[in-house]
Amino acid sequence: MNPPHTENIYLPKLAVLDRVVDDIPEVKTFYWRFEDPSAQEQFKHFRPGQFAQVSLFGVGEFPASLPPSPTEEETFFTIRQVGSCTSALHQLKPRDKFAVRGPYGNGFPMEDYQGMNLTFVAGGIGLIPLRSCIVYALRHRTRYGRIQVFYGAKTPGELMYMPDLGAWEKSGGMECHLTVDRAADGWTGHVGVVGSLFKKAGVDVPVDNTIAFVCGPPVMFRFVIKDLLALGFKEHRIVSTLERYMKCGVGKCGHCCIGVAYICVDGPVFTYEQIKRLGEDI
Amino acid sequence: MKARVVALGDVLKIVDVLRGRGYEVLAPFYGRGRDSYFDTVTEENRGRVQIHLPNPYYPPKRFVFPHIERLMRVRGRNGEMQIEPSYEEPRRALFGIRSCDVAGLWHLDRFYLGRDFRDVYYEKRRKNLFLVNVVCTDPARDIGEDCFCLCADTGPAARDHFDLQLMDLGEREFMAVAGTPAGEELFSEPLFGKATAAHLERRRAILAEVRKRFQATTSWFPATVRYVSQGAILDSTWEEIGKRCLECGGCTYVCPACTCFTVSDRQVGPEEVERVRIWDSCALSGFTRMAGGFNPRRAVHDRRNRRFFRKLAQYFIQRELAMACVGCGRCAAVCHGDIGMPSVVEMIRREAPETPKNEPAPH
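Residues numbered from 1 in each chain as written. Chains lettered and ligands numbered in written order. Predicted model: local features only at pLDDT ≥ 70, side-chain atom pairs only at ≥ 80, totals over all residues.

A. Structural detail: the overall build of chain B. A tally of regular secondary structure across chain B gives 14 helices and twelve strands. At 23 Å, chain B has a C-alpha radius of gyration in line with the 21 Å of a compact globule built from 363 residues. Its C-alpha atoms give chain B principal-axis dimensions of roughly 75 × 70 × 40 Å. Considering chain B as a whole, with its 363 residues, one finds that 44% of them fall into the buried category. Residue pairs at least 24 apart in sequence account for 72% of intrachain contacts in chain B once pairs closer than 6 positions are excluded. (Helix = DSSP H or I, 4+ residues; strand = E, 2+ residues; numbered from the N terminus. Rg over C-alpha atoms; globule rule 2.2 N^0.38 Å. Buried ≥ 20, exposed ≤ 12 C-beta atoms within 10 Å, placed from the backbone. Contact = placed C-beta atoms within 7 Å.)

Okay, here's the thing in structure tokens:
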């Protein structure tokens, strides 16, 4: 649910940091809640794939995907320290305050995918926005067919959400295939780009009646799309979530407009068919 | 729309009437030379308000969308933090806004108040803004060499979206047309006399004559819209345009229909931060640069392509009901590389026939 129309669309609400968990180098997960319980109640009906604007007063505001599923109790962000705002967030300690507004964007239409197989393909921190969909689908397991996760990172130490992935796979609800570009730390698993997992022995990707979720760095995205199309995926059955420099999150500041689409309001979720028609490179 | 007639000597009394009704009236004045600007009318400068003068460079959009505008103030530190939005709801009248700029404001209205989210800061400034449009009729003073409202279909006489429209009919008479009930309500003032069929005839004749006095012609506008929408413009044309761009952002700052802004926080006291929004420009390289340095729109010509695509693509025209170009000519006047809208349309016209797929092939 997006905020009601009468509100001041730029006004964030105060949030309190509850705890911080280290994920991989430079990436941490920040568990938080709104100071005002009614704001928390209103916020938690977001859709997988939506995002929020995070304010660090005195530094600025940045868009962040929502890795939790709306079916989970806690709200959190998983953030890589990369610019001034994310660095400021990384400095925060439990009980420190910041501010959040949202949720924004269209999100993944998970209801429309009922009865279909879900194939998640992620690279690096691209797993963060997809985490929401995976948890959501596992929570509503009977609504979906096969669920597969193909996930790759540069090194084993850069694989996100490893405990979660292990637990989800153990629950028997999904299959998980991991790969790294460079093996290290006693890695015995697959080595190669994410797309190479599709051809791994014992792996079969259902193509008919399947939605492929793709999220990762631009290079990975280009190659995975090629691989998926070669497998026989139709362009409208491949979905992704795009990101851009963003200031407002509500279709006004103009920064995230690619071709004909404002990523913040028309996206961030697009099918590959739509991405091709944006009229500008992503 | 109802029309009345005002005597030349009484036209500026409309300013007094509006001030008497509690409006802060903004009107155009001459600067030191031919430059002009909008300023608040006071007792001291009241006599220098101009009817006929070149349209100010700095567009009146700043009265609804200021160059720098505070969005909120945040007081306190971690213990007790308070976020207070900063609103301004002035009661203002813009006297002498040109037809192109009326169209520009209408564009901003649809952009900021339309779609899913309403911009409350814009809304509060816009709500009480009374518009007195002046029709450009004097070729020497009103119409600049870069004006092309005729091609953008916004002037010289705005057809809508003003409260009151004034047009010089010569012979020391002006026609006043009410565009809204608020405008019509002003007709209760004794300044306004009856308009006759002869006045309307004079209005028509003057407009017909004025239309011939525009120098800049961008007659290829519709074709350009089609080419831009179809992505049919050669990369080499955009590169040519990009080479001439100095990346100063001037075109966007003077554009009455440009809407982009950035948001910045600044420390204003030991325990106080304010968040402001500032006009931003797609011409600047940092416009799309993300944290970490990746910039999807790195080349200058990609950024120029962006500006003209956003203004002319059919998709946005359908969504916003008009082009995001109102033909004011400011970008042409301000651009040191001569790639304002009319020049770009002309460059596209020159290059278009050379598209290889249009060339005949030998058999």
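There is more to say, and it comes next.
B. Here's a closer look at the environment of B:Val41. All names here are of chain B. With respect to the helices and strands, the residue Val41 is situated in the loop between β3 (36-40) and β4 (68-75). Between the C-alpha atom of Val41 and that of Ala27, which follows or precedes it by 14 residues, the distance is 6.4 Å. Not counting residues within four places of it along the chain, the set of residues in contact with Val41 comprises Val15, Arg19, Val25, Ala27, Arg46 and Val49.

C. Broad picture of the packing of helix α9 (residues 235-243) of chain B against helix α11 (residues 300-312) of chain B. Residue and element names in this part refer to chain B. Taken N-terminus to C-terminus, the directions of α9 and α11 make an angle of 100°; their axes are 8 Å apart at the nearest point. By the angle class used here, α9 and α11 are roughly perpendicular. In this structure, α9 contributes Trp238, Glu239, Ile241 and Gly242 to the contact, and α11 contributes Val300, His301, Arg304 and Asn305. Of the residues belonging to the contact of α9 with α11, the class tally is three nonpolar, three polar and two charged. (Axes fitted to C-alpha atoms, helices over the stretch in contact; angles between N-to-C directions. Parallel < 35°, antiparallel > 145°, perpendicular 65-115°, else oblique. Nonpolar A, V, L, I, M, F, W, Y, C, P; charged D, E, K, R; others polar.)

D. Highlighting the domain arrangement of chain B. Residues and elements named next belong to chain B. What the domain assignment reports for chain B is domain 1 (3-213) and domain 2 (221-353). When each unit is reduced to the centre of its C-alpha atoms, the spacing between domain 1 and domain 2 is 25 Å. Residue-level contacts link 33 residues of domain 1 with 30 residues of domain 2. For the side of domain 1 that touches domain 2, the secondary structure elements donating two or more residues are β4, α3 (99-113) and α5 (149-152). Residues that form the side of domain 1 that touches domain 2 fall into these classes: 16 nonpolar, eight polar and nine charged. (Domains from an automatic or database assignment.)

E. Structural context of the pairing of β3(B). Residue and element names in this part refer to chain B. Pairing geometry for strand β2 (residues 24-30) and β3, over five bridges, is antiparallel. When the bridges of β3 are listed, Pro28 appears paired with Phe38. The antiparallel pairing of β2 with β3 creates a hairpin that spans five residues between the two strands. (Pairing = 2+ DSSP bridges.)

F. Region of interest: the domain arrangement of chain A. Residue and element names in this part refer to chain A. The domain boundaries assigned to chain A delineate domain 1 (13-104) and domain 2 (110-241). Here domain 1 and domain 2 have C-alpha centroids that lie 24 Å from each other. Counting residues at the interface gives 16 residues for domain 1, matched by 14 residues for domain 2. The set of elements that each furnish at least two residues to the side of domain 1 that touches domain 2 consists of β1 (13-24) and β5 (75-80). Tallied by class, residues from the side of domain 1 that touches domain 2 come to eight nonpolar, five polar and three charged.

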